[in-house]
Amino acid sequence: MSSDNIEKEIKRRRTFAIISHPDAGKTTLTEKFLLYGGAINLAGSVKGKATARHAVSDWMEIEKQRGISVTSSVLQFEYDGYCINILDTPGHQDFSEDTYRTLMAADSAVMVIDGSKGVEAQTRKLFKVCVMRHIPIFTFINKLDRDAMDTFDLLDDIEKELGIATCPVNWPIGSGKAFQGVYDRKTQTVITYSDTEKGTKEGVSEEVSVSDESAMRSLIGDEAADKLLGEMELLDGAGADFDLDEIRAGNLTPVCFGSALTNFGVEIFLKHFLAMTTSPLSREAVSGGERKVIVPEENDFSAFVFKIQANMNKAHRDRVAFMRIVSGRFDAEKEVKHIATGKVMRLSQPQQIMADERKILSEAYGGDIIGVFDPGIFSIGDTVCAPSMNIKYDGIPTFAPEHFCRVHLMDTMKRKQFVKGATQIAQEGAIQIFTELSGTMEDVIVGVVGVLQFDVFKYRMENEYNVEVRMDSLPFEHIRWIVNPESVDVDHLTGTSDMKKVRDMKGNPLLLFVNEWSAQMTIDRNKGLELAEFSEN
Ligand code: G4P
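Residues numbered from 1 in each chain as written. Predicted model: local features only at pLDDT ≥ 70, side-chain atom pairs only at ≥ 80, totals over all residues. Heavy atoms only, no water.

**Q** Explain the overall build of the chain to me, and be specific about the residues and the numbers.
**A** Of the regular secondary structure elements, the chain holds 14 helices and 32 strands. Within the span of the chain, comprising 537 residues, buried residues form 56% of the whole. Considering only intrachain contacts with a sequence separation of at least 6, the fraction spanning at least 24 residues in the chain is 70%. (Helix = DSSP H or I, 4+ residues; strand = E, 2+ residues; numbered from the N terminus. Buried < 20%, exposed > 50% of the residue type's maximum accessible area, 1.4 Å probe, protein only. Contact = heavy atoms within 4.5 Å.)

**Q** Talk me through the site of the ligand; I want residue IDs and the actual numbers.
**A** With respect to spatial proximity, 18 residues lie near the ligand, and among them Asp23, Lys26, Thr27, Thr28 and Asp145 are the closest. Interatomic distance of 2.8 Å between a backbone N/O atom of Lys26 and an oxygen atom of the ligand. Between the ligand and Ser259, the relevant distance is 3.2 Å, taken from an oxygen atom to a side-chain nitrogen or oxygen of the residue. When the ligand sits alone it has 700 Å² of accessible area, and the protein chains cover 75% of it. Those elements that provide at least two residues to the shell around the ligand are α2 (26–37) and α3 (49–55). When residues in the shell around the ligand are grouped by element, the largest group, three residues, is from α2. Class assignment for the residues of the shell around the ligand results in four nonpolar, seven polar and seven charged. (Near = heavy atom within 4 Å. Polar contact = N/O pair within 3.5 Å; in protein donor to acceptor, adjacent residues only side chain to side chain. Areas by Shrake-Rupley, 256 points an atom, 1.4 Å probe, with all protein chains shown as cover. Nonpolar A, V, L, I, M, F, W, Y, C, P; charged D, E, K, R; others polar.)

**Q** Lay out the packing of helix α5 (residues 97–104) against helix α6 (residues 121–133) with the relevant residues and their values.
**A** Where α5 meets α6, the axes come as close as 10 Å, and the angle between the chain directions of the two elements is 35 degrees. Remark: the crossing between α5 and α6 carries right-handed chirality. On the side of α5, the interface is formed by Thr99, Tyr100, Leu103 and Met104, while α6 contributes Lys125, Leu126, Val129, Cys130, Met132 and Arg133. Grouping the amino acids of the contact of α5 with α6 by side-chain chemistry returns seven nonpolar, one polar and two charged. (Axes fitted to C-alpha atoms, helices over the stretch in contact; angles between N-to-C directions. Left-handed = near helix turned anticlockwise from the far one by under 90°.)

**Q** How would you explain the nonpolar core if you had to name every residue and give the values?
**A** Val190 and Leu228 are the most contacted members of the largest nonpolar core, which totals 63 residues. Top element by residues in this core is helix α9 (residues 222–238). It accounts for five residues. In this structure Val190 touches Ile173, Val182, Tyr183, Glu206, Glu207, Val208, Val210, Met216, Ile220 and Leu228, once residues within four positions along its chain are discounted. Within the second largest apolar cluster, 29 residues are counted, among which are Ile18, Tyr79, Ile86 and Val112. (Core = buried A, V, L, I, M, F, W, Y, C linked by side-chain atoms within 4.5 Å.)

**Q** Hey, could you go over the side chain of Arg101 for me, with residue numbers and the actual values?
**A** Turning to its location among the elements, Arg101 is positioned in helix α5. Residue classification places Arg101 among the buried residues on the basis of a relative accessible area of 5%. The residues touching Arg101, leaving out its near neighbours within four places in the chain, are Phe306, Ile380, Ile396, Phe399, Glu428 and Gly429.

**Q** Summarise the pairing of strand β11 (residues 252–257); cite the residues concerned and give the values.
**A** By the criterion of burial, β11 is predominantly enclosed, with six of the six residues buried. Taking every second residue as pointing to the same face, both faces of β11 are buried, with Leu252, Pro254 and Cys256 on one and Thr253, Val255 and Phe257 on the other. Sheet analysis places strand β5 (residues 137–142) next to β11, joined by three bridges and oriented parallel. In the sheet register, Phe140 faces β11, and the bridge partner there is Cys256. Pairing of strand β6 (residues 165–168) with β11 involves four bridges; the strand directions are parallel. Following the sheet pairing, Pro168 is matched in β11 by Val255. (Pairing = 2+ DSSP bridges.)

**Q** Which residues make up the sheet that holds strand β7 (residues 170–173), and what values go with them?
**A** Within the open sheet, the four strands sit side by side as β7-β8-β9-β10. Their pairing is antiparallel. In this open sheet, the two strands that pair with only one neighbour each are β7 and β10 (207–209). Taken over all neighbouring pairs, the strand axes of this sheet differ in orientation by 25 degrees on average, direction set aside. Pairing between strand β8 (residues 181–184) and strand β9 (residues 189–192): four bridges, direction antiparallel. The residue bridging Gly181 from the neighbouring strand is Thr192, located in β9.

**Q** I'd like a rundown of the pattern of salt bridges, residues and numbers included.
**A** Oppositely charged side chains are able to pair whenever their charged atoms sit close together. Per the stated rule, a full pass over the model turns up 26 salt bridges. Between Lys160 and Asp156 there is a salt bridge whose closest N-O contact spans 3.2 Å. Of the two residues, Lys160 and Asp156 are both situated in helix α7 (residues 151–162); the distance of four residues between them amounts to about one turn of the helix. Asp156 sits in the partly exposed class, given a relative accessible area of 36%. Shared partners join several salt bridges into a network, and the residues in it are Glu9, Arg12, Arg13, Glu78 and Asp368. (Salt bridge = Lys/Arg side-chain N within 4 Å of Asp/Glu carboxyl O.)

**Q** Could you give me a rundown of helix α13 (residues 452–464), with the residues and numbers involved?
**A** Here α13 spans 18 Å end to end across 13 residues, near enough to the 18 Å set by a 1.5 Å rise per residue. When α13 is considered as a whole, its buried residues turn out to be Leu452, Gln453, Phe454, Val456, Phe457, Tyr459, Arg460 and Met461. Trailing α13 by a residue or two, Asn466 shows a phi angle of about 60 degrees, which is positive. (Expected span 1.5 Å × (residues − 1).)

**Q** Kindly report on unusual backbone geometry, identifying the contributing residues and their values.
**A** Phi at Asp23 takes a positive value of approximately 80 degrees, unusual for a residue other than glycine. Summarising the element assignment, Asp23 is placed in the loop between β1 (13–20) and α2. The phi dihedral of Asn466 is positive, around 60 degrees, even though this residue is not glycine. Within the element layout of this structure, Asn466 appears in the loop between α13 and β28 (469–474). Judged by relative accessible area, Asn466 falls into the exposed class, the value being 53%.

**Q** Break down the sheet that holds strand β13 (residues 290–294) for me, citing the residues and quoting the values.
**A** Strand pairing within a sheet occurs via backbone hydrogen bonds; the two strands may be parallel or antiparallel. Within the open sheet, the three strands sit side by side as β13-β12-β24. Their pairing is antiparallel. A strand with exactly one partner marks an edge of an open sheet, and here the two such strands are β13 and β24 (392–393). Bridge analysis of strand β12 (residues 283–287) against β24 gives two bridges, and the strand direction is antiparallel. Bridge pairing links Val286 to Lys392 in β24.

**Q** Talk me through the packing of aromatic side chains; I want residue IDs and the actual numbers.
**A** Think of a pair of aromatic rings as described by two things: how far the centres are apart, and how the planes are tilted against each other in angle. All chains considered together, the criterion is met by 16 aromatic pairs. For the pair Phe140 and Phe269, a centre-to-centre distance of 5.2 Å together with 55 degrees between the ring planes defines the contact as tilted. Note that Phe140 is positioned in strand β5 and Phe269 in helix α11 (residues 266–276), a separation of 129 residues in sequence. You can call Phe269 buried: its relative accessible area is 2%. When the centroid spacing of 6.3 Å and the interplanar angle of 65 degrees are considered together, the rings of Trp171 and Phe257 count as edge-to-face. Of this pair, Trp171 sits in strand β7 while Phe257 sits in strand β11, and the two are 86 residues apart along the sequence. (Phe/Tyr/Trp six-rings, centres within 6.5 Å; stacked < 30°, edge-to-face > 60°.)

Given below as structure tokens:
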């Protein structure tokens with residue numbers, strides 16, 4: 001394949017994560033996207049939402065039992081000449097570190113907000129990670145067919161809660177029973193809402209320019225027209241100006257309104273979104289001791305692992321490493337180099353993992369996500385690239401767990417399996433394992449980002465490793481890595497009474513606290529001590 005073609009393929013790709021608080025409408029919106037795309041890889045969506053929800057990552061009993069999706073998945077579809085990759089994030093409150101890591105593989109994020117609720121807890125958490133990475137955020141305010149909060153209040157909420165400026169691309173005309181459609185600011189037209197058959201393409205809308213006031217009035221009625229004209233005046237004075245650079249820097253979020261369920265405003269949003277997002281972004285890597293920018297279309301194949309998942313499917317008891325391709329073209333026939341071990345190999349069973357089916361791939365391009373069979377050599381953050389490249393992407397940060405349990409092994413004869421299971425599950429990154437400073441692997445503390453992972457851990461220990469464990473929850477909620485262990489006396493730190501010293505799997509010392517205040521107190525009491533919420537190594 002010519003390099004022109006590779007460039008063309010990369011340029012038409014868009015890779016984004018979709019984030020929201022549970023129930024805001026992420027699944028429904030994703031399904032509607034797929035409808036427009038005539039999804040090349042169906043996420044079970046055409047089978048109806050209930051199936052889709054499970055089908056997305058139907059790999060563990062625990063998910064089925066609770067009807068939730070613990071893992072993230074990837075969907076790809078074509079629309080208007082674009083090849084779009086959506087990284088779905090688990091829709092449950094108890095998400096895991098994987099949710100955060102998934103964001104590391106995206107170039108932008110779509111944030112779905114329920115118009116009657118505004119910004120909710122999970123959105124806030126995920127948003128923090130987007131900010132850390134300067135990921136551009138595109139907001140879709142959903143459920144306008146239900147009574148929504150005042151539009152200005154919604155925008156205010158985003159600005160105050162998330163600290164990001166908003167720029168409405170369109171503006172809702174009423175909500176709930178009075179929902180009439182949206183006003184498009186750029187074209188200055190009113191696009192009317194028509195409640196459509198769920199699941200079909202967007203309904204037939206009428207469009208009229210606001211400059212033709214009488215036509216607009218007869219279309220939406222005097223009351224709505226007066227309100228809209230008043231709001232337009234306020235908006236032009238109050239809202240942030242549209243600025244593509246600010247959007248791409250993650251400082252400004254464009255906002256669209258609609259109703260995913262009734263399929264209004266979805267295609268409008270998609271079109272605006274595609275016009276504003278970029279093709280796959282360059283990333284920095286270390287090459288020969290120096291930092292270098294890897295431009296997707298100017299380089300050979302390179303990718304990094306952002307997620308490892310075991311036992312995706314009962315039929316294939318295996319481990320799959322998910323990679324984001326940063327540059328070039330992936331060719332299943334060609335050898336690649338695993339930088340961490342220096343091994344040159346062919347990636348085994350490269351596949352796109354969609355819903356409950358897997359599709360074996362022979363090629364993929366910068367921006368795409370592929371899953372490969374992992375014989376146990378990949379770790380999160382690893383770089384894989386064409387043998388000639390020899391580059392290393394930055395690692396993926398370890399996010400601070402917020403919940404901790406002490407794990408007791410019920411049968412001490414099972415120690416070996418216990419250590420193996422706990423270590424493997426931790427390597428996949430679903431949980432983090434800590435030991436007391438002087439402790440051994442028989443007595444471990446498990447830390448997780450979302451408490452559901454405790455159940456997943458227990459379930460997997462019992463079902464995959466045949467080891468029964470008891471989990472006792474611990475009161476800690478704050479974890480701090482010691483940044484400079486070599487310059488402080490870790491054994492003799494003066495801490496607070498609620499402080500616990502532990503080590504992570506790499507041997508780094510860290511401290512657990514019940515409250516944030518204690519962490520600060522410990523810094524004050526120990527001159528020179530530096531603590532961090534993330535670990536980069
Ligand atoms: P999530 O992935 O963000 O968790 O949300 P999901 O799409 O599953 O939607 C959550 C609920 O909100 C669903 O209802 C869904 O039908 C509804 N919903 C989504 N978008 C809209 C919208 O634009 N308007 C209205 N009125 N409702 C919307 P449910 O009752 O939980 O599920 P179901 O019984 O409809 O399947």
